[in-house]
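# Analysis of the macromolecular model
One letter stands for each residue in the lines below.
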Amino acid sequence: MPSSYNQIFENNRRWVAQRTATDPTFFDQLAQDQKPGWLWIGCADSRVPANEITGLDLGDLFVHRNIANLVPNTDLNSQSVIQYAVGTLGVDHVVVCGHYGCGGVKAAMQAADLGLLNPWLRNIRDVYRMHAAELNVIEDQTERTNRLVEFNVIEQCRNVLKMAVVQKRYLKAGTPEVHGWVYDLHDGLLKDLHVDTGALLEELRAIYALTPD
Ligand code: CO
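Definitions and limits used
- Residues numbered from 1 in each chain as written.
- Predicted model: local features only at pLDDT ≥ 70, side-chain atom pairs only at ≥ 80, totals over all residues.
- Heavy atoms only, no water.
- Patch = residues over 30% accessible without salt bridge, like charges linked within 9 Å, V, L, I, M, F, W, Y side chains within 5 Å.
- Areas by Shrake-Rupley, 256 points an atom, 1.4 Å probe, with all protein chains shown as cover.
- Salt bridge = Lys/Arg side-chain N within 4 Å of Asp/Glu carboxyl O.
- Helix = DSSP H or I, 4+ residues; strand = E, 2+ residues; numbered from the N terminus.
- Buried < 20%, exposed > 50% of the residue type's maximum accessible area, 1.4 Å probe, protein only.
- Donors = N, O, S within 2.8 Å, 3.2 Å for Na, K, Ca; no water.
- Core = buried A, V, L, I, M, F, W, Y, C linked by side-chain atoms within 4.5 Å.
- Pairing = 2+ DSSP bridges.
- Expected span 1.5 Å × (residues − 1).
- Contact = heavy atoms within 4.5 Å.
- Axes fitted to C-alpha atoms, helices over the stretch in contact; angles between N-to-C directions.
- Parallel < 35°, antiparallel > 145°, perpendicular 65-115°, else oblique.
- Left-handed = near helix turned anticlockwise from the far one by under 90°.
- Nonpolar A, V, L, I, M, F, W, Y, C, P; charged D, E, K, R; others polar.
- Lys, Arg positive; Asp, Glu negative; His and termini not counted.

Together, Y5, I8 and F9 give the surface a local cluster of nonpolar side chains, amounting to about 370 Å² of exposed area. As for its placement among the helices and strands, F9 is situated in helix α1 (residues 5-22). What makes F9 partly exposed here is its relative accessible area of 43%.

Spelled out as structure tokens, the structure:
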């Protein structure tokens, strides 16, 4: 439902009034500090709002969103977010959340020159190539896209675990746990892909270890 420009400011004032009605110090308390327990890495898609889906409140969730929830190894933006969330804020959970029907994933499955988007979406093409044998035999286009969405989420979980800040803290403290989830636009439900952080890191460390054992 599109909102008019003025409507947004009206909405905002109403929201402030609601939040302070029961707790007049609500914003003062939040303004002091943040100590979120969760980092959310999700798609920029307008239909996948992190806080609303999870029911988490202001201050609970550190959020990074981009097209197709990617964590490219040379992307300073997502790398900085993870560095800060894990290394400084000390989140206990990192969620990579994709969604079925993702436009970025669909675009990466097409033979089309999308300009500046090409190198970004190439990360997804690389994931396809790793799993081409399994993906190519799925005849239904939607099913194939959705399977690639899942493979992409797992691959981005791997990319999170390749970072030194994540490896060091996990090996020392057993956190953060890294979770791979997929959101279904059709029913609003989250699916847990049951990523085993310890096992995934163990498997990666044969090649990607940044600290000695
Ligand atoms: Co998407």
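Resuming the write-up.
Okay, the coordination of the cobalt ion next. Every protein donor of the cobalt ion is listed here as C43 (SG), H99 (NE2) and C102 (SG), and their distances to the metal cover 2.1 to 2.3 Å. Between consecutive donor residues of the cobalt ion, the sequence gaps follow C-x55-H-x2-C. Residue C43 is found in strand β1 (residues 38-43), and its partner H99 is found in strand β3 (residues 93-99); the two are separated by 56 residues along the sequence. The same class applies to C43 as to H99, namely buried.

Core analysis: the largest hydrophobic core is formed by 46 residues, its most contacted members being L39, I82 and V160. Within the second largest apolar cluster, eight residues are counted, among which are W40, V48, L61 and Y183.

Summarising burial for strand β4 (residues 177-183): six of the seven residues are buried, a large majority. For β3 and β4, the ladder comprises seven bridges, and the chain directions are parallel. Each residue of the ladder has a partner; that of H99, found in β4, is Y183. Of the pairings in the sheet, the one linking β4 to strand β5 (residues 190-192) comprises three bridges and is antiparallel in character. When the bridges of β5 are listed, W181 appears paired with D192.

Relative to the 20 Å expected for 14 residues at 1.5 Å per residue, helix α4 (residues 76-89) spans 18 Å between its end C-alpha atoms, a close match to the ideal helical length. Residues of α4 that are buried include every one of S78, Q79, V81, I82, A85, V86 and L89, and no others. Each element contacted by the buried residues of α4 is listed here: β1, β2 (61-66), β3, α8 (141-161) and α9 (164-173). Just past α4, the residue G90 takes up positive phi, approximately 70 degrees.

Mapping V94 onto the fold places it in strand β3. Separated by 112 residues in the primary sequence, V94 and A206 have C-alpha atoms spaced 22 Å apart. Apart from residues lying up to four places away in sequence, V94 is in contact with L39, I41, V86, V160, P176, E177, V178 and H179.

Take F27: it is sitting in helix α2 (residues 26-32). Residue F27 is classed as partly exposed on the basis of its relative accessible area, which comes to 26%. The spatial distance from the C-alpha of F27 to the C-alpha of V16 is 8.8 Å, given a sequence separation of eleven residues. With near-sequence residues (within four places) excluded, F27 lies in contact with W15, V16, R19 and T20.

Before going further, it helps to spend a moment on the packing of α9 against helix α10 (residues 197-208). Each packed pair of helices is defined by two parameters, the angle between the axes and the distance between the axes. Two elements in contact, α9 and α10, have axes whose closest approach is 12 Å; the angle formed by their N-to-C orientations is 125 degrees. Classified by the interaxial angle, the pair formed by α9 and α10 is oblique. Like other packed secondary-structure pairs, α9 and α10 cross with a definite hand, here left-handed. Within the contact between the two elements, α9 uses Q167, Y170 and L171 and α10 uses T197, G198, L201, R205 and Y208. Each residue belonging to the contact of α9 with α10 can be placed in one class, and the counts come to four nonpolar, three polar and one charged.

Among the structural elements, K162 can be located in the loop between α8 and α9. E155 provides the closest opposite charge to the buried, salt-bridge-free K162, at an N-O distance of 4.5 Å.

Burial analysis of β1 places five of its six residues in the buried class, which makes it a mostly covered element. Pairing of β1 with β2, which is carried by six bridges, proceeds in the parallel orientation. Directly across from G42, in β2, lies its bridge partner R65. Relative to β3, β1 runs parallel, the two being bridged by five bridges. Paired with I41 across the two strands is V96, which belongs to β3.

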